[in-house]
Amino acid sequence: MVRKFLYLIVFLIVLVIAGFVALRFWAEELTEIAFVPSASFESQAPLVANVYDDPAMWISRPGKGASDPARWMPGGATAAAAPVKAAVFFIHPTSYLAKDRWNAPIEDKESSGRAEIMVRGLASPFNSSEEVWAPRYRQAAFGAFLTDVPEARQALDVAYGDVLQSFDYFLQTTDPKVPIVLAGHSQGAQHLMRLLRDRVAGKPLARRISAAYVVGWPVSLTHDLPALGLPPCTAPDQSGCVMSWLSFADPPDPAMMAKAYDRRPGLDGQLLAGSPMLCSNPLTGGTGGAAPAGANLGTMVPDILLKTGKIVPAMIPASCGADGFLTIGPAPEMGPFVLPGNNYHVYDIPLFWANLRADFARRVAAWKP
């Protein structure tokens, strides 16, 4: 019993850190010592050409049935009257916390288990879709976001290479006549931005994208957005656009995140310092502005292990601030994973679960071939 209790405590701490990773909030000396990999970077060849033929390489994909975590539904959620005719490609956030490697091995059971929990909570708003795909990939370790050494960029490149390979398989497998929805959170959102730049912007595929949800990672209006090939979403029935937000409760203190943002290069290679961020309002489906809690169709409030949850309507408001961060009013009770500065990064999607579900369906309905 004691062992199980200690395992639970460690598991909870790990989940807090996993939500913290992508934006480098705690990039200080002690955290670097604790989490930056001490091993040398090992060059890794691309995965074998047909590896994503294997269903085991997907956390979610058509055919998995009841074992598919993306098909989970929280208590009180309403099932769609009919499936949404779209193909969703979701990239999960960081779940690898070890420091013995720069990239997670595909076969690592602990990080794989955490990734499945993350897909359950973060990809489930899209499960009214006929297809939801979420690949396993050799994600960059937590420590890769706490340092500027070359190994960190190499680790991210390995992870991104796997994401691209899985995406190319996804494109080959899905019906070319249906629209595509792209989504990612935290590390997954960073990879999604590169994917949009490399596979969508200026290419025929852009016409198939009904929406891209780049959540939990900042998008610079000056240095990132032009490279994505899609405009920001300014209306709830707009198709072919980008939504992005980073959530803070009152009183917000995004100083650490802003510091990390300022020293990061954008997709154009220029430092982001001083550039405005995209702030989408998930309650209105537009850019900027404010909406009261009454506009929130349902927050998914999880249990302590993030394995189950229930929908609570009219709980959370949303307002885009002049600094580009989304504020959600007085700190709500969502669980133990609120980060310093009233940062609700871990809950970016659960806060607006039902609105995101409706937003995605509207944008698919608005898509025209």
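On a predicted model such as this, the values are computed, not experimentally measured, just so you know.

**Quick notes on the side chain of Asn127**
Thought 1: Mapped onto the elements, Asn127 comes out in the loop between helix H3 (109-122) and strand S3 (129-135).
Thought 2: Not counting the four nearest positions on each side in its chain, Asn127 is found in contact with Ala70, Arg71, Trp72, Met73, Val132 and Arg357.

**Describing the state of the cysteines**
Thought 1: For the structure on display, the rule yields two disulfides.
Thought 2: The side chain of Cys233 participates in a disulfide bridge whose partner is Cys241; the two sulfur atoms lie 2.0 Å from each other. The S-S bond linking Cys233 to Cys241 shows a torsion near 90 degrees; that makes this disulfide right-handed.
Thought 3: Here Cys233 falls in the buried class, since its relative accessible area comes to 0%.
Thought 4: Residue classification places Cys241 among the buried residues on the basis of a relative accessible area of 0%.

**Observations regarding helix H7 (residues 255-262)**
Thought 1: Met257, Ala260 and Tyr261 are the residues of H7 that are buried. One side of H7 holds all its buried residues, which, seen down the axis, span an arc of 105 degrees.
Thought 2: Taken together, the buried residues of H7 touch strand S7 (247-250).

**Observations concerning the pattern of salt bridges**
Thought 1: Considering all chains together, one arrives at eleven salt bridges under this definition.
Thought 2: A salt bridge links Glu110 to Arg114, with the nearest nitrogen and oxygen atoms 3.1 Å apart. Within this pair, Glu110 and its partner Arg114 are both found in helix H3, separated by four residues, close to a single helical turn.
Thought 3: By relative accessible area, Arg114 is classed as buried at 7%.
Thought 4: Asp157 serves as the salt-bridge partner of Arg194, at 3.1 Å between the closest nitrogen and oxygen. Placement of Arg194 in helix H5 (residues 187-200) and of Asp157 in helix H4 (residues 150-173) is noted, with a sequence separation of 37 residues between them.
Thought 5: One network of salt bridges, with partners in common, ties together Arg153, Asp157 and Arg194.

**Points about the sheet that holds S7**
Thought 1: The four strands are arranged S7-S14-S13-S10 in an open sheet whose pairing can be described as mixed. For this open sheet the edge positions go to S7 and strand S10 (290-291), each flanked by a neighbour on one side alone.

**Some points on unusual backbone geometry**
Thought 1: Residue Pro251 follows Asp250 across a cis peptide bond; omega there is -10 degrees.
Thought 2: Counting through the fold element by element, Pro251 comes out in the loop between S7 and H7.
Thought 3: The phi dihedral of Ser186 falls on the positive side, at around 60 degrees, and the residue is not glycine.
Thought 4: Looking at where Ser186 falls in the secondary structure, it is placed in the loop between strand S4 (180-185) and H5.

**Describing the pairing of strand S5 (residues 209-215)**
Thought 1: Counted residue by residue, S5 has seven buried out of seven residues, so it is predominantly covered.
Thought 2: Where S4 and S5 come together, six bridges link them in parallel fashion. Within S5, the residue paired with His185 across the bridge is Val215.
Thought 3: Handedness of the S4-H5-S5 crossover: right-handed.

**Here we look at the packing of aromatic side chains**
Aromatic ring pairs are defined here through the distance separating the ring centres and the angle between the ring planes.
Thought 1: One pass over the full model with this rule turns up 13 aromatic pairs.
Thought 2: Their ring planes at 65 degrees and their centres at 6.3 Å tell us that Trp133 and Tyr169 sit as a pair that is edge-to-face. A residue pair is termed long-range when its members are at least 10 positions apart, and Trp133 in strand S3 and Tyr169 in helix H4 qualify at 36 residues. Note on accessibility: Trp133 and Tyr169 belong to one class, buried.

**Some details on the environment of Gln190**
Thought 1: The topology assignment puts Gln190 in helix H5.
Thought 2: Here Gln190 is in contact with Phe145, Arg153, Leu156 and Trp217, once residues within four sequence places are set aside.

**Let's talk about the nonpolar core**
Thought 1: Grouped together as the largest cluster of nonpolar side chains are 52 residues, with contacts concentrated most on Phe89, Leu182 and Leu196.
Thought 2: Going through the elements one at a time, strand S2 (84-91), H4, S4, H5, S5 and helix H6 (225-228) are the ones with two or more residues in this core.
Thought 3: If one sorts the elements of this core by residue count, H4 sits on top with eleven residues.
Thought 4: Other than its neighbours up to four places away in sequence, Leu182 contacts Phe89, Phe167, Leu192, Leu195, Leu196, Val200, Ile209, Ala211, Ala212 and Tyr213.
Thought 5: Counting 46 residues, the second-largest nonpolar core is a separate cluster that includes Val88, Ile117, Val181 and Ala183.

**A short note on the sheet that holds S3**
Thought 1: Pairing is mixed in the open sheet, where six strands are placed in the order S1-S3-S2-S4-S5-S6. Strands at the two margins of the open sheet, each flanked by one partner only, are strand S1 (58-60) and strand S6 (241-243). Taking the axes of each pair of neighbouring strands and ignoring which way they run, one obtains an average angle of 20 degrees across the sheet.
Thought 2: Direction of pairing for S5 relative to S6: parallel, over a ladder of three bridges. Within S6, the position partnered with Ala211 by the bridge is Cys241.
Thought 3: Across the face of the sheet, H5 comes into contact with S2, S4 and S5 while running at roughly 140 degrees to S4.

Rules and cut-offs
- Residues numbered from 1 in each chain as written.
- Predicted model: local features only at pLDDT ≥ 70, side-chain atom pairs only at ≥ 80, totals over all residues.
- Heavy atoms only, no water.
- Helix = DSSP H or I, 4+ residues; strand = E, 2+ residues; numbered from the N terminus.
- Contact = heavy atoms within 4.5 Å.
- Disulfide = S-S within 2.5 Å.
- Buried < 20%, exposed > 50% of the residue type's maximum accessible area, 1.4 Å probe, protein only.
- Arc of directions from axis to C-beta.
- Salt bridge = Lys/Arg side-chain N within 4 Å of Asp/Glu carboxyl O.
- Pairing = 2+ DSSP bridges.
- Right-handed = clockwise from strand over helix to strand, strands pointing away.
- Phe/Tyr/Trp six-rings, centres within 6.5 Å; stacked < 30°, edge-to-face > 60°.
- Core = buried A, V, L, I, M, F, W, Y, C linked by side-chain atoms within 4.5 Å.
- Axes fitted to C-alpha atoms, helices over the stretch in contact; angles between N-to-C directions.

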